[in-house]
Amino acid sequence: MRSESTMLDTADGPMRVYEAVPDGASRAVVVVQEAFGVNAHIEDVTRRFGDAGYHAVAPDFFHRAGGGTAEYGDWDAVIKLFGSVTGDAEVLADVDAALDHLHASGFTDDHIAIVGFCFGGRVSFMVALERSLGAAVGFYGGGIVTGRFPQFPTLVDRVGELQTPWLGLFGDEDASIPVDDVEALRAALGGAPVDSEIVRYADAGHGFHCDVRGEYHEDAAADAWTRTLDWFARHLA
């Protein structure tokens, strides 16, 4: 498997994409970063998808700020990086650049999934509203039901517009995403026009899949990973 960084052209300048390219991949996935950027952990997750047989790409949404990452817990650095991302239109443009890259590699949208973590969890839902891909998965994505930042509006009222099957994975001990919000999202998804599912982990908090943070929950992470690959296998062409 080949893994490396490459540069893609966007309307706002070059964007780094980290990608893992296994031999003979017939399916692909866009991996959407946490709020801390395309760091060593996200690169590792991208390689894991490569090991699972997916051509995986992780776009650096902070390229407008010159790129880079923030240390876990360094919220001042996170805010500076996020200052360059003024709304969903820019995020979607970056996702589209990654999709164009995969299209050029021979993948059609029904063979492409998107998965996101933290910030990326909400992005996965937003993209599922705006684009028709094979599958989407969001890990602990905040801001879908209760807004966090003015440039990223809530999305729960738009579930009727979902175009891509979406799986949401949440921890009950997540201090930033109340269980009531998760259940409100589950109820709303009852009216979705595509397949959707919510899974809750009773003892897990925010970031439960990230094995370099104290919030890591081994059992929840393992189950969520299995469910993600199963969701992809069920819905991708």
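Just so it is clear, the structure is predicted and the values come from calculations on it, not from any experiment.

Cut-offs used in this document
- Residues numbered from 1 in each chain as written.
- Predicted model: local features only at pLDDT ≥ 70, side-chain atom pairs only at ≥ 80, totals over all residues.
- Heavy atoms only, no water.
- Axes fitted to C-alpha atoms, helices over the stretch in contact; angles between N-to-C directions.
- Helix = DSSP H or I, 4+ residues; strand = E, 2+ residues; numbered from the N terminus.
- Parallel < 35°, antiparallel > 145°, perpendicular 65-115°, else oblique.
- Contact = heavy atoms within 4.5 Å.
- Nonpolar A, V, L, I, M, F, W, Y, C, P; charged D, E, K, R; others polar.
- Buried < 20%, exposed > 50% of the residue type's maximum accessible area, 1.4 Å probe, protein only.
- Phe/Tyr/Trp six-rings, centres within 6.5 Å; stacked < 30°, edge-to-face > 60°.

*Asks:* Help me out: how do you make sense of the packing of helix α3 (residues 88-104) against helix α4 (residues 119-130) in this one?
*Replies:* Each packed pair of helices is defined by two parameters, the angle between the axes and the distance between the axes. Where α3 meets α4, the closest approach of the two axes is 11 Å, and the angle between their N-to-C directions is 80°. As far as their axial angle goes, α4 and α3 are roughly perpendicular. Contacts between α3 and α4 involve D88, V91, L92 and V95 on the former and, on the latter, F119, R122, V123, M126, V127 and E130. Here the contact of α3 with α4 is built from residues that sort into seven nonpolar, no polar and three charged.

*Asks:* In this structure, what is going on with the environment of T69? I would like to understand it.
*Replies:* Along the polypeptide, T69 turns up in the loop between β4 (54-59) and α2 (75-82). T69 gets classed as partly exposed once you look at its relative accessible area, which sits at 44%. C-alpha separation for the pair T69 and N39, spaced 30 residues apart in sequence, amounts to 6.0 Å. If near-sequence neighbours (up to four positions away) are discounted, T69 is found in contact with F36, G37, V38, N39 and L81.

*Asks:* Got a minute to help me understand the packing of aromatic side chains in this structure?
*Replies:* Each pair of aromatic rings is reported with the distance of its centres and the angle of its planes. Within the structure shown, the criterion is met by 18 aromatic pairs. Arranged with centres 6.3 Å apart and planes meeting at 20°, the rings of F82 and F149 form a pair that is stacked. Highlighted residues: F82 in helix α2 and F149 in the loop between β6 (135-139) and β7 (166-171), separated in sequence by 67 residues. For F82, a relative accessible area of 11% translates into the label buried. Taken together, the ring pairs in this structure connect F61, F62, F82, F119, F149 and F152 into an aromatic cluster.

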